[in-house]
Amino acid sequence: MDFPFIVNCMIRIRLCLSILLLPIAILSQGLLINTAGRYTTTLNGNWNYIVDPYETGYYSFHSEVYDQTNPGSPSAFYNDYQPKDKAELVEYDFNKSPTLKVPGDWNTQKENLFYYEGTIWLKKSFDYNLTNNKRVFIYFGAVNYKAEVYLNGKKLGTHEGGFTPFNFEISSIVKAKGNYLVVKVDNKRFKEAVPTSNTDWWNYGGITRDVLLIEEPAVFIQDYSIQLKKDNQSVIAGYIQLNNPDKNEKIIISIPELKIEKEIEASTDGKASFEIEVKNSISYWSPEFPKLYSIYIKSGYQTLKDEIGFRTIETKGPDILLNGKSIFLRGICLHEEFKGRRANGDKDALALLTWVKELGCNYIRLAHYPHNEHMIRMADKMGLMVWEEIPVYWSIDFNNKTTYNNAKNQLTELITRDKNRACVIIWSLANETPLSEARNSFLLNLINHSKSLDTTRLLSAALLTRSENGVGLIEDQLGKFMDIISFNQYRGWYGGDLKTAPDAKWATSYDKPVVVSEFGGDAKQGLHGPKEERWNEEYQEYLFEQNLKMIERIPNIRGISPWILTDFRSPRRVLPGIQDGFNRKGLVSDKGVKKKAFFIVQSFYKKIKSQYN
Ligand code: GCU
């Protein structure tokens, strides 16, 4: 019997023991990052669904919650109960129910679900052969808005927030054959939610992003941060976090192109921090040269690969410095929508960002919530800097602690997922929130939480301004805590005339970069007429011409992100023959046709680019 065999047996025995002894809490905690680099099985595809506006599958007729008072009830939809004989009363049947495509919103898949806001149950059956001493997780890219997840009749947990990933361990529940995964999705809007009940975008419901089974060894690499050390561009620093740690766990980080092979040791809590002095010159990530390095993280049980870019981002007075060079953010805003439906996947990301590149952008503002990971990975590859945002939008319930914890959790999940992406340069904590003490403390707490998770990126928020004696004042007190002072303004659309716009006066007391995070106006693509008449393309074109002349004169201006790349669905926009349920501020129509204003912005960016090179 050779030595390796004995060692192998010992490892297997220890692994089995460690899994059995581990309390569930450790087994099930923590978001897995870099799913693209892991061993996954997709559950994307057709899922059976049951529309359940009265939540019959969740509550008894006396409103008792089945999974708390009578978990095994045949009436609870998550049990996917099959009647034993023809006499038994069961009033639902997933297998005989229609199907929805996952990932995907239900609104645009079924005409009778277009405006539906409520509960829909989705079910997927699958077999899974879990090899011994391995562990398996169920991972959701996002579910809008609230998900309650059950596997084989057992409740795995709940997630609230429609735009960030979450996962549950299912190692002790999954079977080789006949698993049934049931998700209760509820997209009802409500005051205490994040976002609150009033927004200017479509409330797409459903499992709107990928669903994966992720298989891991007993001890696995759950999370890590590998970035340039703040204020030191020749040191790569960060940490590796193991799940189900084992003391004396050795980990090797290798970056072959930089001739880096560094061994570190995790402490008993599974965390190993490191700093690596890089001797070879690093090709820093930039829009012009979006260099990504292959990174390998090797533990005793697995090797995880990722693609990571290295760059510095900082501000100095009114300048934004990327790799030490002053830049101008030539941006555009995007919703997560492609041709009138929730966007997801590499194809949608490539289509949207190809238009962005044609516009001449080096930067995108992903409004008003975290977009899917395909978008961020595509921006990393295509060389587009990114502003990411949590949906603390308009009149959030700032006095509500639960609301705050929800916003904080969404921010945590966003930063956990994307902290290794070089393209992400700004975390944004709000959009157009009304001024109040409660709002200030809510956002200040989020700012502090953001800094506790990541000190390497810039902080901002889309603020509002006010005008006094004809001067636009950029003075929101939150600016004190922001790296970039951003604000939305709609001169020529929600007030203010266009003719005198170029002479408008703006002032700020902040010695910080200023970014106009939104401006624009509606145009129905193909509608033409005099530039004085609202809704036609000539009006929108003139609006951009005049606003750009005005913006160039704003003190400390270092970026813009016009609202918005494409027309997008909004229940607020009901003007017949013009809006028809769409916000028409896109530079591109919802059918993918460029409007005249697209070319105004494009030529402005050509000019700006020459001034900054
Ligand atoms: C606001 C808001 C956007 C909205 C836009 C508009 O600034 O941030 O979400 O769509 O204005 O009114 O079109």
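Refer to the structure above for everything that follows.
Quick caveat: nothing in here was measured; it's all calculated off a predicted structure.

## Quick word on the sheet that holds strand β34 (residues 557–560)
Pairing is parallel in the open sheet, where nine strands are placed in the order β21-β34-β33-β31-β28-β27-β26-β25-β22. Every interior strand has two partners, whereas the edge strands, β21 (329–330) and β22 (333–334), have only one. Relative to strand β28 (residues 458–463), strand β27 (residues 424–431) runs parallel, the two being bridged by four bridges. Looking across to β28, one finds that Asn431 is bridged to Ala462. Packed onto the sheet, helix α7 (residues 437–453) meets β27 and β28 and runs at close to 160° relative to β27.

## Digging into the side chain of Asn440
Within the secondary structure, Asn440 is located in helix α7. Look past the residues within four positions of Asn440 in its chain and what remains in contact with it is Gln477 and Leu478.

## Description of the pattern of salt bridges
Opposite charge on two side chains lets them pair, provided their charged atoms get close. Per the counting criterion, the structure on display carries 49 salt bridges. Here Arg421 and Asp380 are joined by a salt bridge, their closest N and O atoms 3.0 Å apart. With Arg421 in the loop between α6 (401–418) and β27 and Asp380 in helix α5 (residues 373–382), this residue pair connects regions lying 41 residues apart in the sequence. When sorted by exposure, Arg421 lands in the same class as Asp380, which is buried. When the shortest N-O distance is used, the salt bridge between Glu388 and Arg417 registers 3.6 Å. With Glu388 in strand β26 (residues 385–389) and Arg417 in helix α6, this residue pair connects regions lying 29 residues apart in the sequence. Using a relative accessible area of 1% as the deciding quantity, one classes Glu388 as buried. Given the relative accessible area of 6%, Arg417 is considered buried.

## Notes on the sheet that holds strand β20 (residues 325–327)
Spatially, the three strands line up as an open sheet ordered β18-β19-β20, and their pairing is antiparallel. Looking along the sheet, the strands with just one partner apiece sit at the ends: β18 (313–316) and β20. Each strand of the sheet is rotated relative to its neighbour by a mean of 45°, with strand direction disregarded. Across three bridges, strand β19 (residues 319–322) lies against β20 in antiparallel orientation. In the sheet register, Leu322 faces β20, and the bridge partner there is Lys325.

## With respect to the nonpolar core
Core analysis: the largest hydrophobic core is formed by 103 residues, its most contacted members being Val392, Leu446 and Ile560. With 31 residues, the next largest nonpolar core counts Val102, Phe140, Leu156 and Phe168 among its residues.

## Some thoughts on the pairing of strand β33 (residues 514–518)
The element β33 is extensively covered by neighbouring structure, given that five of its five residues are classed as buried. Sheet analysis places strand β31 (residues 485–488) next to β33, joined by four bridges and oriented parallel. Paired with Asn488 across the strands is Glu518, a residue of β33. Pairing between β33 and β34: three bridges, direction parallel. Within β34, the position partnered with Val515 by the bridge is Gly559. Chirality of the crossover, the property in question, places the unit of β33, helix α8 (residues 537–551) and β34 among those that are right-handed.

## Remarks on unusual backbone geometry
The amide bond that connects Asn144 to the next residue, Tyr145, takes the cis arrangement and shows omega of 15°. Counting through the fold element by element, Tyr145 comes out in the loop between β5 (134–140) and β6 (146–151). Val194 connects to Pro195 through a cis peptide bond whose omega is 10°. For Pro195, the location among the structural elements is in the loop between β9 (179–186) and β10 (211–217). The phi torsion at Ser63 lies on the positive side, around 60°, for a residue other than glycine. Tracing the backbone through its elements, the reader meets Ser63 in the loop between β2 (45–51) and α3 (66–69). On the basis of relative accessible area, Ser63 is assigned to the exposed category, the value being 55%. A positive phi angle is found at Trp394, which is not glycine, with a value near 60°.

## Considering the environment of Glu148
As for its position among the elements, Glu148 is in strand β6. The buried category is assigned to Glu148, whose relative accessible area is 4%. Considering only alpha carbons, one finds Glu148 and Val183, 35 residues apart in sequence, at a separation of 5.7 Å. Residue contacts for Glu148: discarding those within four places in its chain leaves Tyr58, Asp67, Lys155, Gly157, Thr158, Val182, Val183 and Lys184. For Glu148, the side chain forms a polar contact with the side chain of Lys155, separated by 2.4 Å.

## Regarding the site of the ligand
Taken together, 14 residues lie near the ligand, and Asp200, His368, Glu432, Tyr494 and Glu518 sit nearest. In this structure, an oxygen atom belonging to the ligand sits 3.5 Å away from a side-chain N or O atom of Tyr490. In the environment of the ligand, an oxygen atom lies 2.8 Å from a nitrogen or oxygen atom belonging to the side chain of Asn583. Burial of the ligand by the surrounding chains reaches 97%, relative to a free accessible area of 320 Å². Tallied by class, the residues present in the shell around the ligand amount to five nonpolar, four polar and five charged.

Reading the values: the criteria
Residues numbered from 1 in each chain as written. Predicted model: local features only at pLDDT ≥ 70, side-chain atom pairs only at ≥ 80, totals over all residues. Heavy atoms only, no water. Pairing = 2+ DSSP bridges. Helix = DSSP H or I, 4+ residues; strand = E, 2+ residues; numbered from the N terminus. Contact = heavy atoms within 4.5 Å. Axes fitted to C-alpha atoms, helices over the stretch in contact; angles between N-to-C directions. Salt bridge = Lys/Arg side-chain N within 4 Å of Asp/Glu carboxyl O. Buried < 20%, exposed > 50% of the residue type's maximum accessible area, 1.4 Å probe, protein only. Core = buried A, V, L, I, M, F, W, Y, C linked by side-chain atoms within 4.5 Å. Right-handed = clockwise from strand over helix to strand, strands pointing away. Polar contact = N/O pair within 3.5 Å; in protein donor to acceptor, adjacent residues only side chain to side chain. Near = heavy atom within 4 Å. Areas by Shrake-Rupley, 256 points an atom, 1.4 Å probe, with all protein chains shown as cover. Nonpolar A, V, L, I, M, F, W, Y, C, P; charged D, E, K, R; others polar.

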